[in-house]
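Residue strings, one per chain:
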Amino acid sequence: MLSKRTIIGLVVGSIIIGIGIYSLISDIGLQTVEVDETFALGESTSYQIRANSGGHQLMTITGDKFDLKLSSPGDGLQIPMKSYSEEVTLEWTHLEDGITMINIQNTGSTDLHIVATLNITVDPILFTYHLVVITAGMVIIGFSMGFTLRKPKGF
């Protein structure tokens, strides 16, 4: 017969393992991120877009005046620091795996509005985090099984 603490440990451990497995599976492949942000006068922002080759990106920047610098991996899209006014639409596809760096500074007299649809890959370190969560669930189940075998002193 399983004790009450063992059953609680099994349930909690199973839930944690389930969350870890779901997160691990949902982070595989390209993820689409929708960006809709507004920046006030003088504010700046930067984006780091990690994508595999073939990742399609679309970004529209609207504002009175702004500075933009973009560098994409490989021989992809490269834009040196340059001032723009009104609206700029950038559309590109990653030719190589890597990170695209975008720096934008609002230098105009109105707010800067950025709308983007980005296809990104998740940071590889998150794979390890998901494995740690799954392992934690297994440890909880293992400790809770100890309550069935022999009740430890102090419990």
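Quick notes on the rules
Residues numbered from 1 in each chain as written. Predicted model: local features only at pLDDT ≥ 70, side-chain atom pairs only at ≥ 80, totals over all residues. Heavy atoms only, no water. Helix = DSSP H or I, 4+ residues; strand = E, 2+ residues; numbered from the N terminus. Rg over C-alpha atoms; globule rule 2.2 N^0.38 Å. Buried < 20%, exposed > 50% of the residue type's maximum accessible area, 1.4 Å probe, protein only. Contact = heavy atoms within 4.5 Å. Areas by Shrake-Rupley, 256 points an atom, 1.4 Å probe, with all protein chains shown as cover. Lys, Arg positive; Asp, Glu negative; His and termini not counted. Charge placed at Lys NZ, Arg CZ, Asp CG, Glu CD. Pairing = 2+ DSSP bridges. Expected span 1.5 Å × (residues − 1). Core = buried A, V, L, I, M, F, W, Y, C linked by side-chain atoms within 4.5 Å. pLDDT = per-residue confidence, 0-100.

Asker: Sorry if this is basic, but what is going on with the overall build of the protein chain here?
Answerer: On a plain count of helices and strands, the protein chain comes out with two helices and six strands. Taking 155 residues into account, the globule formula puts the C-alpha radius of gyration at 15 Å, and the protein chain, at 24 Å, lies well above it. Across its three principal directions, the C-alpha atoms of the protein chain cover 75 × 35 × 20 Å. Sorting the 155 residues of the protein chain into buried and exposed places 30% on the buried side. Residue pairs at least 24 apart in sequence account for 79% of intrachain contacts in the protein chain once pairs closer than 6 positions are excluded. Only carbon and sulfur atoms are counted for the fraction: they give 61% of the accessible area of the protein chain, which is about 9,500 Å². With 9 positive and 15 negative side-chain charges, the protein chain shows a separation of 30 Å between the mean positions of the two kinds.

Asker: How should I be thinking about the pairing of strand E2 (residues 44–51) in this particular structure?
Answerer: One face of the sheet, then the other: side chains in a regular strand alternate in exactly this way. Every second residue of E2 is oriented toward a common face, the buried set being Thr-45, Tyr-47, Ile-49 and Ala-51 and the non-buried set Ser-44, Ser-46, Gln-48 and Arg-50. Both E2 and strand E5 (residues 98–106) contribute to a ladder of eight bridges, which runs antiparallel. Bridge pairing links Ser-46 to Asn-103 in E5.

Asker: Honestly, helix H2 (residues 125–149) in this entry has me stumped. Any pointers?
Answerer: Three or four residues apart is the spacing at which side chains of an α-helix point the same way, because the helix has 3.6 residues per turn. With 25 residues, H2 should cover 36 Å at 1.5 Å per step; its first-to-last C-alpha distance of 37 Å lies within 8% of that length. For H2, the set of buried residues is His-130, Ile-134, Gly-137, Ile-141, Ser-144 and Phe-147. Here the buried face of H2 lies against helix H1 (4–26).

Asker: Which parts of the structure should I look at to understand the nonpolar core?
Answerer: Proteins that are soluble and globular tend to have nonpolar side chains buried together. With 20 residues, the main nonpolar core has Tyr-47, Ile-61, Leu-68, Ile-102 and Ile-104 as its most contacted residues. Mapped by element, the contributors of at least two residues to this core are strand E1 (30–39), E2, strand E3 (56–71), strand E4 (78–93), E5 and strand E6 (112–121). Apart from residues lying up to four places away in sequence, Tyr-47 is in contact with Val-35, Glu-37, Phe-39, Met-59, Thr-100, Met-101, Ile-102, Ile-104 and Ile-114.

Asker: Got a minute to help me understand the confidence of the model for the protein chain in this structure?
Answerer: Interpreting fine coordinate detail is not advised for predicted regions of low pLDDT. Averaged over all residues, the pLDDT of the protein chain is 87; the fraction at 70 or higher stands at 95%. Ranking the elements of the protein chain by mean pLDDT puts E4 last, at 86, and H1 first, at 92.

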